[in-house]
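# Structural description and commentary
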Amino acid sequence: MLREPEARDRSAFVELFASPEVGTYLGGARPRDEVERAVPEVPGRRPGLFVIDLDGAMIGMVTLDRRDAERRGHVRPDAGEAELGYLLLPKAWGRGYAAEACAAALAWFAEALPGEPVVLCTQTANDRSMRLAAALGFTEVERFEEYGAEQWLGVWSPVTPSG
């Protein structure tokens with residue numbers, strides 16, 4: 001289930017951002033004490049931020065944010081595309097939760113902003129993320145070097161019913 005963040009999710013947010021496994025393809029884990037200070041008592045609520053809830057507990061998050069215009073990799077001349085991001089706790093890996101959560105977030109986005117493309121950027125070395133991007137229907141736009149690693153940028157466009 002996708003839902004808004006709540007105060008009870010704070011420890012799971014801290015775990016996500018401080019986890020060495022989660023940080024493998026994201027530049028590494030952040031020090032736990034730094035994360036503890038940075039994460040508010042009630043994690044922020046905003047459109048496009050979803051908690052992945054399994055049996056009443058947070059196991060991850062999905063975000064749809066505007067891609068920074070200063071970063072490489074865009075599909076629109078004015079940049080600012082929506083970018084899909086997700087993080088799951090290692091105990092939830094390999095069970096299909098990321099695919100289900102990301103597909104639900106994309107469906108929400110397609111209904112909220114019909115016809116808008118969504119991009120996803122991941123390191124090519126992240127096999128799981130590359131497989132998920134393909135399974136969700138993202139198609140490759142380009143590859144480039146960023147953060148000392150080869151990045152893959154894909155785009156997803158919602159299917160519009162013809163009629």
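Anything mentioned here points back to the structure above.
A short tour of the structure in this document, coming up. This one's a predicted model, so the numbers in the text were calculated from it and none came from an experiment.

Attention now moves to the pattern of salt bridges. Two side chains with opposite charge may pair up if their charged atoms get near one another. Counted according to the given criterion, the structure contains 19 salt bridges. Its salt-bridge partner being Glu36, residue Arg10 comes within 3.0 Å of it at the nearest N-O pair. Of the two residues, Arg10 sits in helix H1 (residues 10-18) while Glu36 sits in helix H2 (residues 32-38), which places them 26 residues apart along the sequence. Here Glu150 and Arg143 are joined by a salt bridge, their closest N and O atoms 3.8 Å apart. For Glu150, a relative accessible area of 34% translates into the label partly exposed. Taking the relative accessible area as the measure of exposure, Arg143 reaches 39% and is therefore partly exposed. What you see here is one network of salt bridges that share partners, running through Arg3, Glu6, Arg8, Asp9 and Asp53.

So, on to unusual backbone geometry. Although it is not a glycine, Asp55 adopts a positive phi angle of roughly 55 degrees. Following the sequence through the fold, Asp55 ends up in the loop between strand S2 (49-54) and strand S3 (57-66). Its identity as a non-glycine residue notwithstanding, Tyr147 has a phi of 55 degrees, on the positive side. Considering the arrangement of structural elements, one finds Tyr147 in the loop between strand S6 (139-146) and strand S7 (149-156). Among the residues examined, Tyr147 registers a relative accessible area of 64% and is labelled exposed.

Taken in spatial order, the seven strands make up an open sheet running S1-S2-S3-S4-S5-S7-S6, and their pairing is mixed. For this open sheet the edge positions go to strand S1 (2-3) and S6, each flanked by a neighbour on one side alone. Of the strand pairs in this sheet, S3 and strand S4 (residues 82-88) are connected by seven bridges, and their pairing is antiparallel. Looking at the pairing, Gly60 lines up with Leu88 of S4. Taken strand by strand, H1 contacts S2, S3 and S4, and its axis lies near 70 degrees from that of S3.

Quick look at the pairing of S3 now. Most of S3 sits out of view: seven of its ten residues are buried. Pairing geometry for S2 and S3, over six bridges, is antiparallel. Considered in S3, the bridge of Val51 is made with Met61. Linking S2 to S3, which pair antiparallel, is a turn of two residues; within it Asp55 sits at a positive phi near 55 degrees.

Three or more residues of helix H4 (residues 127-136) are buried, namely Ser129, Met130, Leu132, Ala133 and Leu136. For H4, the arc enclosing every buried residue in end-on projection is 165 degrees, short of the 170-degree limit, so these residues lie on one face. With respect to the buried face of H4, the exposed residues turned more than 90 degrees away are Arg131, Ala134 and Ala135. Residues of H4 that are buried sit in contact with S4, helix H3 (97-112), strand S5 (118-123), S6 and S7. After H4 finishes, the residue Gly137 shows a positive phi value of roughly 95 degrees.

Turning next to the side chain of Asp9. Within the fold, Asp9 resides in the loop between S1 and H1. In this structure the side chain of Asp9 is engaged in a polar contact, spanning 2.7 Å, whose partner is the backbone nitrogen of Glu6. When near neighbours in sequence (up to four residues on either side) are disregarded, Asp9 contacts Arg3, Glu4, Val51 and Met58.

The rules behind these values
- Residues numbered from 1 in each chain as written.
- Predicted model: local features only at pLDDT ≥ 70, side-chain atom pairs only at ≥ 80, totals over all residues.
- Heavy atoms only, no water.
- Salt bridge = Lys/Arg side-chain N within 4 Å of Asp/Glu carboxyl O.
- Helix = DSSP H or I, 4+ residues; strand = E, 2+ residues; numbered from the N terminus.
- Buried < 20%, exposed > 50% of the residue type's maximum accessible area, 1.4 Å probe, protein only.
- Pairing = 2+ DSSP bridges.
- Contact = heavy atoms within 4.5 Å.
- Axes fitted to C-alpha atoms, helices over the stretch in contact; angles between N-to-C directions.
- Arc of directions from axis to C-beta.
- Polar contact = N/O pair within 3.5 Å; in protein donor to acceptor, adjacent residues only side chain to side chain.

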